[in-house]
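Summary of structural features
Listed below are the residues making up each chain.
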Amino acid sequence: MPLLRHKELPTLSASPYASGGTLSVLTALEKGGLSQILSLRGGSSKTRFALSCLRAYLGFSYGPPPLSIWISDEGLLYPPVLSSYWPLSRFVLVKASSAKEVWTAGLEAVQSGLFDWVCLKASRGCEAAHLRKLQIQSERTESRVLLLPRQKLPHWPLKLSIEAEPKEVAYV
Amino acid sequence: MKQRILYFESPKISTTLQEACFCLTPMVFSSPSGSLYMDIGQTLKRLGGESKALELFGELLHTFQIEGKGVLTDRPEWAKMLVTSGTTILPEGAGPSLLSPLPMEKIALCGDPFTLTEQFQARQDLVSFMRRIGMKCLGDFMQLPLPAIDRRFGKLGNDLWEWLFGKKTLCLPLFVPLTPIQITFQTDSVHSLEGLLFSLKRSLLQLECALIGRALVAKQLRLDFKLDWGEPFSKTLTLSEPVQSAERLFRALRDFLEPIRWSSPLQELHLEVTESRPAVPGQLSLFDKVENRRHDLHLYLERLQYRYGSTNAGISELQESYLPERSWRMRSAQKTLPPTSLPNHPPAYAQSRPPFLYTPPKPCIPNRTWKLTPLESIASEWWKPGGIRKYFLANPPSGERLWVYFDSEKRQWYLQGSFE
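Residues numbered from 1 in each chain as written. Chains lettered and ligands numbered in written order. Predicted model: local features only at pLDDT ≥ 70, side-chain atom pairs only at ≥ 80, totals over all residues. Heavy atoms only, no water.

With that settled, the discussion passes to the overall build of chain A. Secondary structure assignment for chain A yields five helices and eight strands. Starting at the N terminus, the α and β elements of chain A follow one another as β-α-β-α-β-β-α-β-α-β-α-β-β. Considering chain A as a whole, with its 172 residues, one finds that 62% of them fall into the buried category. As displayed, chain A offers around 6,700 Å² of accessible surface, 51% of which is attributable to carbon and sulfur atoms. (Helix = DSSP H or I, 4+ residues; strand = E, 2+ residues; numbered from the N terminus. Buried < 20%, exposed > 50% of the residue type's maximum accessible area, 1.4 Å probe, protein only. Areas by Shrake-Rupley, 256 points an atom, 1.4 Å probe, with all protein chains shown as cover.)

Structure below.
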């Protein structure tokens, strides 16, 4: 899938539960750059979608799983659920003190170059200049940055916007 | 830059311990025998806070089998006065107020530790004079104005007043190790190679600490054997690969010592690192960056944990509990990452739970428009406080899917997770 940067933002509407959907998203999630995952009104799970992208990546990659990090300000990923998607020993969880801290810590994580996947879930957005910094650094360090915002972010620093399709969560 | 002085006193303090302290801070000061001063103010963030720094220092003392008493304070000139039994952390910026209640005898320990011996008699005389005129604690002395002190107690009193109020800055000389890394141990009670190897183990740990402190790896060692009678002799061990860890040194020495025989009982063994290289993590292979990355991750996690707290940042591991907040914990940044190639087997209950948890749970009030679907009921462990929680999937009209529970003990609803 060709990636269109800065001119037109490709938007995928994908179901995380259909393997084909995830695979096509993974193809789009090349190294480096920012992607946002949005929940559609009606209860789609962007968190589960992000995790299923990671699991699919694990299935298609060789070698030991790379390091990933999740940063959010309101809570944390639930490790018992996370453990079915990614080895816990390769996943760093951070609960930042505020939404601003999520963006700051996210930039630091990308700059460190330690993580292949950086997931940021902040309760508030950030300035476009900060997004631009994130974009430049993620392309330099080749980290895949997944943003899970509440509100849709401005598209120009993003390489991809994914709207997760609603589907019943397998809680039964 | 703020100063935090870690002062420790013990009759067993050696230069090897001072070298080992370089792994805590480069600001280790030369001091009179029996005392150790270091400024950890600039490395506190990297070490992970004051309690963590003291824990690391405690490990060093355990390795060197040294016991003593210490204090963490703001200024080196106060350290000797403030030290009590054990190791005490004094809060930052609380200096003069902590000094006031101390007994007057403590004033003899204030100031430059190098001049204490020569001024000992003069200070004792001053203390006894102060006692005679009714001054019982340092606060009595500190209340007096400087001109009055100058008039009554002379230049020494003036100096002491300035030390107590931090008006003078004490610049201790930095400790610079000039001698090669060496350890000597008595082998009087050792009669066999096994016994020698056993006593070598602890000494090698000290050697490793000194190597870490100087950021070196050993390339060549010289062993001097001093015998009960007969000529002493030396042996040189050249390591094929530079080594820092005590365990690897021990293995190399075990193989090296096995064929060596001595004609009379061994009295003393002297071990010296004669050739060393700078230690660079991950230098064993030009193409392998795993070690470097692991080291970087370790430092990064330490920084995160210092900033957000050890429960809010790190690598998680599962624990056996049905309660969501107790079913996992954050692992310390100290531990190394175990190699894992496959995802762990998730607990069965995880299938019905959301991927995202609010920490701590937020109190909420579901209104009539919310659709609540019962999911599970969890009882708290009987030996811990907490009643039965009834969990529901809540669908508010906004379209979110939330994980809420009703606490039967507190009679309160909480929002604990989100399926979004």
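Back to the write-up after that little detour.
The next subject is the packing of helix α6 (residues 120–132) of chain B against helix α8 (residues 146–164) of chain B. Residue and element names in this part refer to chain B. For the pair α6 and α8, interaxial distance at closest approach is 11 Å and the crossing angle is 110 degrees. In this view, α6 runs roughly perpendicular relative to α8, as classed from their interaxial angle. Residues Ala122, Arg123, Leu126, Phe129 and Met130 of α6 pack against Arg152, Phe153, Leu156, Gly157 and Leu160 of α8. Class assignment of the residues belonging to the contact of α6 with α8 gives a composition of seven nonpolar, one polar and two charged. (Axes fitted to C-alpha atoms, helices over the stretch in contact; angles between N-to-C directions. Parallel < 35°, antiparallel > 145°, perpendicular 65-115°, else oblique. Contact = heavy atoms within 4.5 Å. Nonpolar A, V, L, I, M, F, W, Y, C, P; charged D, E, K, R; others polar.)

Before going further, it helps to spend a moment on α6(B). All names here are of chain B. Between its terminal C-alpha atoms α6 stretches 19 Å, which fits the 18 Å expected from 13 residues at 1.5 Å a residue. Among all positions of α6, only Arg123, Leu126, Val127 and Met130 are buried. The arc that holds every buried residue of α6, seen down its axis, measures 100 degrees, which confines them to one face. Here the buried face of α6 lies against α7 (138–143) and α8. Of the residues one or two after α6, Gly134 is the one with positive phi, at around 90 degrees. (Expected span 1.5 Å × (residues − 1). Arc of directions from axis to C-beta.)

Residues and elements named next belong to chain B. Reading across from one edge, β6-β9-β7-β8 is the order of the four strands in this open sheet, with antiparallel pairing throughout. Looking at which strands have only one partner, the edges of the open sheet turn out to be β6 (182–186) and β8 (233–243). Strand-to-strand, the axes of this sheet are offset by a mean angle of 15 degrees, without reference to chain direction. Here seven bridges tie strand β7 (residues 216–227) to β8, and the two strands are oriented antiparallel to one another. The partner of Leu221 across the bridge, within β8, is Leu237. The strands touched by helix α9 (residues 193–214) are β6, β7, β8 and β9 (266–278); relative to β6, the strand with the most contacts, the crossing angle is about 160 degrees. With respect to the sheet, helix α10 (residues 246–257) is in contact with β7, β8 and β9, its orientation differing from that of β8 by roughly 135 degrees. (Pairing = 2+ DSSP bridges.)

Let us look at the interface of chain B and chain A. Listed by partner, the interface residues are 50 residues for chain B and 53 residues for chain A. A combined buried area of about 4,200 Å² lies between chain B and chain A, and 57% of that area is made up of carbon and sulfur atoms. Run the count over chain B and chain A and you get two salt bridges. A salt bridge links Arg307(B) to Glu108(A), with the nearest nitrogen and oxygen atoms 2.7 Å apart. The set of elements that each furnish at least two residues to the side of chain B that touches chain A consists of α11 (290–308), β10 (313–318), β11 (328–331) and β12 (356–363) of chain B. If one sorts the elements of the side of chain B that touches chain A by residue count, α11(B) sits on top with eight residues. Among the residues forming the side of chain B that touches chain A, the class breakdown is 29 nonpolar, twelve polar and nine charged. Pairing between strand β5 (residues 91–95) of chain A and β10(B): three bridges, direction antiparallel. Considered in β10(B), the bridge of Val94(A) is made with Ala313(B). (Buried area = accessible area lost by both parts, 1.4 Å probe. Salt bridge = Lys/Arg side-chain N within 4 Å of Asp/Glu carboxyl O.)

Another aspect to go through is the nonpolar core. Formed by 48 residues in total, the largest nonpolar core has its most connected members in Trp70(A), Leu82(A), Trp86(A), Phe91(A), Leu93(A) and Val404(B). The element best represented in this core is helix α2 (residues 46–60) of chain A, accounting for seven residues. Beyond its immediate chain neighbours, meaning those up to four positions away, Val404(B) contacts Cys364(B), Trp370(B), Leu372(B), Lys390(B), Tyr391(B), Phe392(B), Ala394(B), Trp413(B), Tyr414(B) and Leu415(B). Core analysis: the second largest hydrophobic core is formed by 33 residues, Ile5(B), Trp78(B), Leu99(B) and Phe141(B) among them. (Core = buried A, V, L, I, M, F, W, Y, C linked by side-chain atoms within 4.5 Å.)

A few words on the pairing of β5(A). Residues and elements named next belong to chain A. Across the five residues of β5, five count as buried, placing the element largely inside the fold. Alternating residues of β5 divide into Phe91, Leu93 and Lys95 and Val92 and Val94, and every residue in both groups is buried. Where strand β3 (residues 68–72) and β5 come together, five bridges link them in parallel fashion. Note that in β5 the partner of Ser72 across the bridge is Lys95.

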